[in-house]
Amino acid sequence: MVIKVNSEHIRKSISWDLYQDKVNAIHHMIEEKTGPGSDFLGWLNHAKEYLKSDELPRILKAGKTIRENYDVLVVCGIGGSYLGARAAIEALKGVLPHKDLEILWLGETFDPTYIAQALAYLKDKKFAINVISKSGTTTETALSFRLLRELLEKRDGKEAARKAIFATTDGEKGALRTLSLNEGYEMFVLPSDIGGRYSVQTAVGLLPMSAMGIDIIKLLEGSKDAAEEYKNPSLKENAAYQYAVLRHDLYQDGKKVELFVTYLPTLVQLTEWWKQLFGESEGKEGKSLFPASATFTTDLHSLGQFIQEGSPIFFETILHLQKPEADTIIPEDKENLDGLNYLAGKPLSFVQQKAFEGVLSAHSENGTTPNIVIEMERMDDYHLGYLFYFFEKACAMSAYLNGVNPFNQPGVEIYKKNMFHLLGKPGY
Ligand code: PA5
């Protein structure tokens, strides 16, 4: 088991047997693609298929071209069209400036100041663009892309711009597909049967990851192995389903919020990806847990008081990694004015681990908050691929347990219609 779900700290005991029949029924509905939204189950076995696809070598080649020929990669996308790539790059490559290739995120905001600052910054940089949009008509992304394209074409000419633009979009239809075909941009496909929030293991996530030097083959192997493991519906063995059942059970008990906690600042964007996955998949028909997140111990100095003693509307899900990717030994200091010599000679990971244990008992034993702990050995390319799939499979199970379609997002369109009407878009 690469990922284990520890339910010791949820303050109640749950019998898997009570849920097994329901889980079996939903499992078969997912695997046989017979449930609501089943046209969007392309992600189920995608990694295995993609490892053999013709597109994978093209992605690796494009990633290398970008890394070797440009100073900055601008990823232009929003929601499911950028959160996964950003989560992976920060989780695996960190949040400090990247030496080989800088990455800039655009297309996820209308903020005129940020966009103007980004364009001014890029003016004298050698940059490539990966525009990612399944529909090609998402306004935030399309507007930023228009501005970026204009900047490149005016500065470097059409031919150089054409070489620097990589498009990821639907394989069959859409405005970005048409534009890319007309302009001759290299194109990668987001399959029609995979929705944005389940697309991180497709070209949507893989091209930016590959450009940033992530081993996308290992990441896909992680997802492929997870797909294999989670084909077993037994709740005693399937950690993804255990997680789905635990959070569902806590929701049934009246919890309204799930606070997803990590201890790594490099995982803030993973929590953003997780929030979209669960929020957009489950938050419908007046139901479901609100997905929130926190980074410990940082946020214990801001939210800690509320978590310990505030209104008991939530439970915590903690991602606990057993091994850091790097560590530092705490030095001895002669003066010891900071009083830290009792830790001298110990690694920072020891302090992190004791903080985790102390917080866990403070919240679950002394406090009122049930804690689910998701245990994983480490955060590398393979494990992250595994983790992405773990959450995707858990989310599908969890949404179906809750009686909602995990793969649509009808509520997202309402603000767009109002905005288009106010902007004077033809037809609105
Ligand atoms: O998960 C989703 O479906 C959404 O978050 C979309 O990815 C997002 O709205 C962007 O859509 P598009 O890729 O069509 O530009």
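Anything mentioned here points back to the structure above.
In this report, the structure presented in the accompanying data block is examined.

Conventions we followed
Residues numbered from 1 in each chain as written. Predicted model: local features only at pLDDT ≥ 70, side-chain atom pairs only at ≥ 80, totals over all residues. Heavy atoms only, no water. Helix = DSSP H or I, 4+ residues; strand = E, 2+ residues; numbered from the N terminus. Rg over C-alpha atoms; globule rule 2.2 N^0.38 Å. Buried < 20%, exposed > 50% of the residue type's maximum accessible area, 1.4 Å probe, protein only. Contact = heavy atoms within 4.5 Å. Areas by Shrake-Rupley, 256 points an atom, 1.4 Å probe, with all protein chains shown as cover. Lys, Arg positive; Asp, Glu negative; His and termini not counted. Charge placed at Lys NZ, Arg CZ, Asp CG, Glu CD. Patch = residues over 30% accessible without salt bridge, like charges linked within 9 Å, V, L, I, M, F, W, Y side chains within 5 Å. Salt bridge = Lys/Arg side-chain N within 4 Å of Asp/Glu carboxyl O. Pairing = 2+ DSSP bridges. Axes fitted to C-alpha atoms, helices over the stretch in contact; angles between N-to-C directions. Near = heavy atom within 4 Å. Polar contact = N/O pair within 3.5 Å; in protein donor to acceptor, adjacent residues only side chain to side chain. Nonpolar A, V, L, I, M, F, W, Y, C, P; charged D, E, K, R; others polar. Core = buried A, V, L, I, M, F, W, Y, C linked by side-chain atoms within 4.5 Å. Phe/Tyr/Trp six-rings, centres within 6.5 Å; stacked < 30°, edge-to-face > 60°.

1. Topic: the overall build of the protein chain
So, step 1. Check the secondary structure of the protein chain and you find 16 helices and 10 strands.
So, step 2. For 428 residues, the compact-globule formula gives about 22 Å, and the C-alpha radius of gyration of the protein chain, at 23 Å, lands near that figure.
So, step 3. Projected onto its principal axes, the C-alpha coordinates of the protein chain cover approximately 65 × 65 × 45 Å.
So, step 4. The buried share of the protein chain, taken over its 428 residues, is 51%.
So, step 5. For the protein chain, contacts bridging at least 24 residues in sequence account for 78% of all contacts bridging at least 6.
So, step 6. Just so you have it, the protein chain exposes about 19,300 Å², and 54% of that area is on carbon and sulfur atoms.
So, step 7. Averaging the positions of the 47 positive and the 57 negative side-chain charges in the protein chain gives two centres separated by 5 Å.

2. Concerning a nonpolar patch on the surface
So, step 1. On the surface, L348, F350 and V351 cluster together to form a nonpolar patch covering roughly 220 Å² of accessible area.
So, step 2. Note that F350 resides in helix α14 (residues 348–366).
So, step 3. Taking relative accessible area as the criterion, F350 reaches 31% and is therefore assigned partly exposed.

3. Remarks on the sheet that holds strand β9 (residues 314–321)
So, step 1. The strand order across the open sheet formed by five strands is β1-β10-β9-β7-β8, and the pairing between neighbours is mixed. Two strands close off the open sheet at either side, each with one partner strand: β1 (3–6) and β8 (290–295). Within this sheet the neighbouring strands show an average axis-to-axis angle of 20 degrees, counted without direction.
So, step 2. Pairing between strand β7 (residues 257–262) and β8: six bridges, direction parallel. Across the sheet, residue V261 finds its bridge partner in β8, namely A294.

4. Brief notes about the site of the ligand
So, step 1. Residues in contact with the ligand, as listed here, are I78, G79, G80, S81, S133, K134, S135, T138, G196, R197, Q276 and E280.
So, step 2. Contacts to the ligand include G80, whose backbone N or O atom sits 2.9 Å from an oxygen atom.
So, step 3. In the environment of the ligand, an oxygen atom lies 2.6 Å from a nitrogen or oxygen atom belonging to the side chain of S133.
So, step 4. In isolation the ligand has 380 Å² of accessible area, and contact with the protein removes 85% of it.

5. Structural notes on helix α4 (residues 83–93)
So, step 1. The buried count for α4 comes to nine of 11 residues, which makes it a mostly enclosed element.
So, step 2. Those residues of α4 that are buried lie in contact with β3 (102–106), α9 (203–211), α12 (268–282) and α15 (381–401).
So, step 3. Looking at the residues trailing α4, positive phi occurs at G94, about 85 degrees.

6. A short note on the packing of α9 against helix α10 (residues 216–229)
Geometrically, a packed helix pair is captured by the angle between its two axes and the distance between the axes.
So, step 1. One way to put it is that α9 packs onto α10 with a least axis distance of 10 Å and a crossing angle of 145 degrees. Two secondary-structure elements touch here, α9 through L206, M209 and S210 and α10 through I216, L219 and L220.
So, step 2. Among the residues making up the contact of α9 with α10, the classes are represented as five nonpolar, one polar and no charged.

7. Quick look at the nonpolar core
So, step 1. Judged by nonpolar contacts, the single largest core of 115 residues is most densely connected at Y243, L270, W273, M379, L387, F390 and F391.
So, step 2. In terms of residue count, the dominant contributor to this core is α15 (13 residues).
So, step 3. Ignoring any residue separated from it by four or fewer positions in sequence, one finds M379 in contact with A91, L92, L267, L270, L319, L321, E325, L384 and L387.
So, step 4. L259, A294, F296 and I307 belong to the second largest nonpolar core, which has 14 residues in total.

8. Quick look at the packing of aromatic side chains
So, step 1. Enumeration over the complete set of coordinates arrives at 24 aromatic pairs.
So, step 2. Plain terms: the ring middles of W43 and F407 are 6.3 Å apart, the flat faces sit at 50 degrees to each other, and that makes the pair tilted. Of the two residues, W43 sits in the loop between α1 (16–31) and α2 (46–50) while F407 sits in the loop between α15 and α16 (413–423), which places them 364 residues apart along the sequence.
So, step 3. Seen in terms of ring centroids, Y263 and F356 are 5.9 Å apart; in terms of plane orientation they differ by 80 degrees. Their pairing is edge-to-face.

9. Considerations on the pairing of strand β2 (residues 72–76)
So, step 1. Counting buried positions along β2 gives five out of five residues, so the element sits mostly inside the fold.
So, step 2. A two-sided burial pattern is seen for β2, the buried positions comprising V72, V74 and C76 on one face and L73 and V75 on the other.
So, step 3. Inspection of the sheet shows β2 paired to β3 by five bridges, in the parallel sense. Considered in β3, the bridge of V75 is made with W105.

10. Here's the deal with the environment of Q20
So, step 1. One can find Q20 in helix α1.
So, step 2. In this structure Q20 comes out as buried when scored by relative accessible area, which is 16%.
So, step 3. When the C-alpha atoms of Q20 and F420 are compared, they prove to be 46 Å apart, with 400 residues separating the residues in sequence.
So, step 4. Once residues lying within four places of it in the same chain are set aside, the contact partners of Q20 are P233, S234, L235 and K236.

11. Digging into the environment of N24
So, step 1. Looking at where N24 falls in the secondary structure, it is placed in helix α1.
So, step 2. Sequence spacing of N24 and S234 is 210 residues, and the spatial spacing of their C-alpha atoms is 7.8 Å.

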